[in-house]
Amino acid sequence: METGTIILIVVGLYLLISLLTGIIPSLNISKSVSGFVAGDRSMNVVILYFVIGASIFSSFAFLGGPGWAYSRGAAAFYIIAYGVIGIVPLYFFGPRAWRLGKRYGYVTQAELIADRFDSKFLSIMLAILSVAVFIPYLTLQMRGAAFVLNVISEGMIPEWAGAAVTYAVVLVYVYFSGVMGVGWSNAFQGMFMMVLAWILGLYLPNALYGGVGNMFQEIMATGHQAMLQAPGLAADGSTWSWWGYSSAVIVSAVGFSVWPHFFMRSFAAKSPKTLRLSVVLYPTFLLFLVPILLIGFSAIVMFPGVEQADSILPYVLMQLDLPAVVIGLFCAGALAASMSSGDAILHSAASVGVRDGISKMLPAPPSDKNERLMIQILVLVIGLIAYLFAVVVDISIVALLLGSYGGVAQIFPIIFVMFYWSRATKAGAISGLMGGIIANTIFLIFPEWQPIAMHEGVYGLIANIILLVGVSYATNPDPKETVDKFMNTGLLDKSKNAD
Amino acid sequence: MILHVKIKSIVSLHIKIDPYTIFVFIKCETNLSKDMRINRTKTDNGSRTWLQVGSKKYRLNRIIFSIVMILATLSVIWPGYALFSSATPLILGLPLSFAWIILWVIIGFAAMLALYFSDNKDPETD
């Protein structure tokens, strides 16, 4: 059989399994908003583990990770470093959010915040922030999928068709199954990705250099030792500064647990215990990045001078004389990385957009049935907008996405004070969030204004915390009843949570 | 004749029957360790009294966990990472700078596992 046909068959099979694993769970879930957005709070450890893991491992990990290792060396370790710190807050926030969700019916992050600070404005603002961040994020996932299919098929599959086919599958299962579709398909995609990453990550150094140790020795012998010295190289090829590296780790770690699509999975867990265990197991997912980075390192000596670092993985694969099935499997793996993040983002963007944005702006709250329908329609609309950005409109969105990391991190202080600081007030929360986002954006656009060159998110966080604390003390405390409702949600505050 | 009745190791009743006077002394004692606290909370229908167990150990575990995670943070950024940032020696084939980060992922994982198991030891907690 021809190589191209075999690759297409393997990819086609993968897409079919994704579609089936995505649609079947919808049969067991209620046709309500809670069913669509939070899966009737029924996710077990296996599903939740993969949802938490896979929604972070996106096209960026599969293509960008090796790309970083190839072009920036040790800088790529940053991706592993922040994950292990970043996941920890979810261990403490998650069960608290879950208990409140169970008791008061919350299904999104903004609902919690808006209720604690009694502010419709905060809810709408967070909805706009989320959707604004999610659309470019989704666009990047689509471009990643389209790009891989295009390169591997040697141009046979044009980018518009690649993105259309893969995301048609995603749209169908998100539309019908909501979060449970995301969950089950992510479990399949996640396992698939992990197996593939380990096989490729160990195979390439062995095939090309005769072992991982030999590979690194070879890299150092050919004069790339500086690259392996932490914190590696900056994007322009100069040595990355410790300030730059450390601040990037801190901002990413702070923002990690409060990404809306990530945080709101707390509500889907079956119990706080399930949620905790899934969070605790998360670092095993981080280790899956190790072979991914090895793939990038393996190309440094053998294939120097590839201009587009992100294409290094498909590039290497095409250079080697691999069987068609292997290339097809890799191709499916890259699609899995793209889709497992894309579906979660698409689902969350639509859920948050309706639940926290549109519904709050309507004069009367919509019925459950209408709200669910509105979310489903928004799934289609957002999918289409992202698709247009991905294949039709040719603007650079990478910068927008990079800026969003600092923006999302600004949500962290509010979540933290919601559970742990009774004196925080509505005015403090709003001014902290606004101030943080404004400071972040200013220093992103005008990096030369920074007193010390580091990640702009740090400046955002400083402004955020000062305003949050200062304004809270300057205003009257929020009603004790509301504050207590959110504060007394810990493990030991059982009596108040007993239903 | 002296009877000791222990109820769930929290409350013990000492019942003493004096054979000469036929008086019955009943002494009730609570054996609350420092790690237990009796709490009373107001609910919609009156108040409810409940026993809080293990708050001290719970807090200690969290303090230890926090220290480990602060150490982890300082180890994967400056200044901790700066001390182990060199490419050599190779450890299990990986550069020191890479192996160091992986080591902290494993330490972080172990710390979280430990916290998880200590949190779930008490069957009363969810």
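Residues numbered from 1 in each chain as written. Chains lettered and ligands numbered in written order. Predicted model: local features only at pLDDT ≥ 70, side-chain atom pairs only at ≥ 80, totals over all residues. Heavy atoms only, no water.

It is worth spelling out the overall build of chain A at this point. A tally of regular secondary structure across chain A gives 23 helices and zero strands. Expected size for 499 residues packed as a compact globule is a radius of gyration near 23 Å; at 23 Å, chain A falls within 12% of this value. Considered along the principal axes of its C-alpha atoms, chain A spans approximately 65 × 55 × 45 Å. Counting the 499 residues in chain A, one finds 63% classified as buried. Taking all contacts inside chain A whose residues are at least 6 apart in sequence as the whole, residues at least 24 apart take part in 85%. Carbon and sulfur atoms provide 68% of the accessible area of chain A, an area that totals close to 17,800 Å². Side chains of chain A carry 24 positive and 24 negative charges; the gap between the two charge centres is 17 Å. (Helix = DSSP H or I, 4+ residues; strand = E, 2+ residues; numbered from the N terminus. Rg over C-alpha atoms; globule rule 2.2 N^0.38 Å. Buried < 20%, exposed > 50% of the residue type's maximum accessible area, 1.4 Å probe, protein only. Contact = heavy atoms within 4.5 Å. Areas by Shrake-Rupley, 256 points an atom, 1.4 Å probe, with all protein chains shown as cover. Lys, Arg positive; Asp, Glu negative; His and termini not counted. Charge placed at Lys NZ, Arg CZ, Asp CG, Glu CD.)

What follows is about the packing of aromatic side chains. All names here are of chain A. Scanning the entire structure with this criterion turns up 41 aromatic pairs over all chains. Seen in terms of ring centroids, F50 and F285 are 5.9 Å apart; in terms of plane orientation they differ by 80°. Their pairing is edge-to-face. Taken together, the residues F50 in helix α3 (residues 45-54) and F285 in helix α13 (residues 272-286) connect sequence positions 235 residues apart. Comparing F50 with F285, the two get one shared label, buried. With centroids separated by 5.1 Å and ring planes inclined at 35°, the aromatic side chains of F416 and Y420 adopt a geometry described as tilted. Residue F416 and its partner Y420 are located together in helix α19 (residues 411-420), separated by four residues, close to a single helical turn. We classify F416 as partly exposed; its relative accessible area is 40%. The ring of W68 is capped by R72, whose NZ or CZ atom sits 4.1 Å from the centre of that ring. Lying across the ring of W240, R72 places its NZ or CZ 4.7 Å from the centre. (Phe/Tyr/Trp six-rings, centres within 6.5 Å; stacked < 30°, edge-to-face > 60°. Lys NZ or Arg CZ within 6 Å of the ring centre and 35° of its normal.)

Turning to a nonpolar patch on the surface, a few remarks are in order. All names here are of chain A. A cluster of nonpolar side chains, namely F121, M434, I438, I442, L444, I445, F446 and W449, defines an oily patch on the protein surface of about 750 Å² accessible area. In terms of residue count, helix α20 (residues 426-445) provides more of the nonpolar patch than any other element does, five residues in total. Along the chain, W449 turns up in the loop between α20 and α21 (456-474). Here W449 falls in the exposed class, since its relative accessible area comes to 52%. (Patch = residues over 30% accessible without salt bridge, like charges linked within 9 Å, V, L, I, M, F, W, Y side chains within 5 Å. Salt bridge = Lys/Arg side-chain N within 4 Å of Asp/Glu carboxyl O.)

So, on to the interface of chain B and chain A. Tallying the contact residues gives 41 residues for chain B and 45 residues for chain A. Roughly 3,900 Å² is buried in total at the junction of chain B and chain A, and carbon and sulfur atoms are behind 76% of that figure. Counting every contact that joins chain B to chain A gives zero salt bridges. Taken together, the links from chain B to chain A amount to four residue pairs in polar contact (both at pLDDT 80 or more). Elements supplying a minimum of two residues to the side of chain B that touches chain A: β5 (46-53), α1 (55-76), α2 (80-83), β7 (94-95) and α3 (96-119) of chain B. The leading source of residues in the side of chain B that touches chain A is α3 of chain B, at 13 residues. Class assignment of the residues belonging to the side of chain B that touches chain A gives a composition of 24 nonpolar, 12 polar and five charged. (Buried area = accessible area lost by both parts, 1.4 Å probe. Polar contact = N/O pair within 3.5 Å; in protein donor to acceptor, adjacent residues only side chain to side chain. Nonpolar A, V, L, I, M, F, W, Y, C, P; charged D, E, K, R; others polar.)

In this structure, I87, L112, F216 and F297 of chain A together with F98 of chain B are the most contacted members of the largest nonpolar core, which totals 205 residues. A per-element tally of this core places helix α9 (residues 159-209) of chain A first, with 21 residues. With residues near it in sequence (within four places) discarded, L112 of chain A still touches A97, L100, Y106, F263, F267, M418, F419 and F486 of chain A. (Core = buried A, V, L, I, M, F, W, Y, C linked by side-chain atoms within 4.5 Å.)

This part is about the pattern of salt bridges. Residues and elements named next belong to chain A. Applying the stated rule across the entire model yields five salt bridges over all chains. With a closest N to O distance of 2.8 Å, R355 and E111 form a salt bridge. Here E111 lies in helix α7 (residues 109-116) and R355 lies in helix α16 (residues 324-361), a separation of 244 residues in the sequence. No difference in accessibility class separates R355 from E111, as the two residues are buried. Note that E371 is salt-bridged to R355, the shortest N-O span being 2.9 Å. Of this pair, E371 sits in helix α17 (residues 368-391) while R355 is found in helix α16, placing the two residues 16 residues apart along the sequence.

Our next topic: α20 of chain A. Taking 1.5 Å of rise per residue, 20 residues should cover 28 Å, and α20 of chain A covers 29 Å from first to last C-alpha, within 8% of that figure. Within the span of α20 of chain A, buried status applies to G428, A429, I430, S431, G432, L433, G435, G436, A439, N440 and F443 of chain A. (Expected span 1.5 Å × (residues − 1).)

Residue and element names in this part refer to chain A. One way to put it is that α9 packs onto helix α14 (residues 289-302) with a least axis distance of 8 Å and a crossing angle of 25°. Taken together, the axes of α9 and α14 are roughly parallel relative to one another. At the point where α9 passes α14, the crossing takes the left-handed sense. Every residue of α14 that contacts α9 at A197, W198, L200, G201, L204, P205, L208 and Y209 is listed here: P291, I292, L294, I295, F297, S298, A299, V301 and M302. Grouping the amino acids of the contact of α9 with α14 by side-chain chemistry returns 15 nonpolar, two polar and no charged. (Axes fitted to C-alpha atoms, helices over the stretch in contact; angles between N-to-C directions. Parallel < 35°, antiparallel > 145°, perpendicular 65-115°, else oblique. Left-handed = near helix turned anticlockwise from the far one by under 90°.)

Residues and elements named next belong to chain B. Here chain B averages 75 in pLDDT, while 52% of its residues score no lower than 70. Of all the helices and strands in chain B, strand β1 (residues 2-7) carries the lowest mean pLDDT, 58, while α3 carries the highest, 92. Our summary of model confidence lists the complex with pTM equal to 0.84 and ipTM equal to 0.87. (pLDDT = per-residue confidence, 0-100.)

Once that is clear, we can look at the side chain of S18 of chain A. Residues and elements named next belong to chain A. Looking at the element boundaries, S18 is found in helix α1 (residues 3-23). Residue class for S18 comes out buried when judged on its relative accessible area of 0%. Each residue touching S18, except ones within four places of it in the same chain, is listed here: V169, Y173, S185, F188, Q189 and M339.

The next subject is the environment of S30 of chain A. Residues and elements named next belong to chain A. Looking at the secondary structure, you find S30 in the loop between α1 and α2 (33-38). When its relative accessible area of 31% is taken as the criterion, S30 is described as partly exposed. Counting along the chain gives 12 residues from S30 to S42, while the straight-line C-alpha distance between them is 11 Å. Among the polar contacts listed, one links the side chain of S30 to the side chain of S32, at a separation of 2.9 Å. Reaching out from S30, the side chain makes a polar contact with the side chain of D40 at a distance of 2.8 Å.

A few words on the packing of α1 of chain A against α16 of chain A. Residues and elements named next belong to chain A. It is at 8 Å that the axes of α1 and α16 come closest, and there the two elements cross at 35°. In the crossing of α1 with α16, the sense of the turn from one axis to the other is right-handed. Taking contact as the criterion, the partners of T3, I6, I7, V10, V11, Y14, L15 and S18 in α1 are, on α16, A324, V325, I327, G328, L329, C331, A332, L335, A336 and M339.

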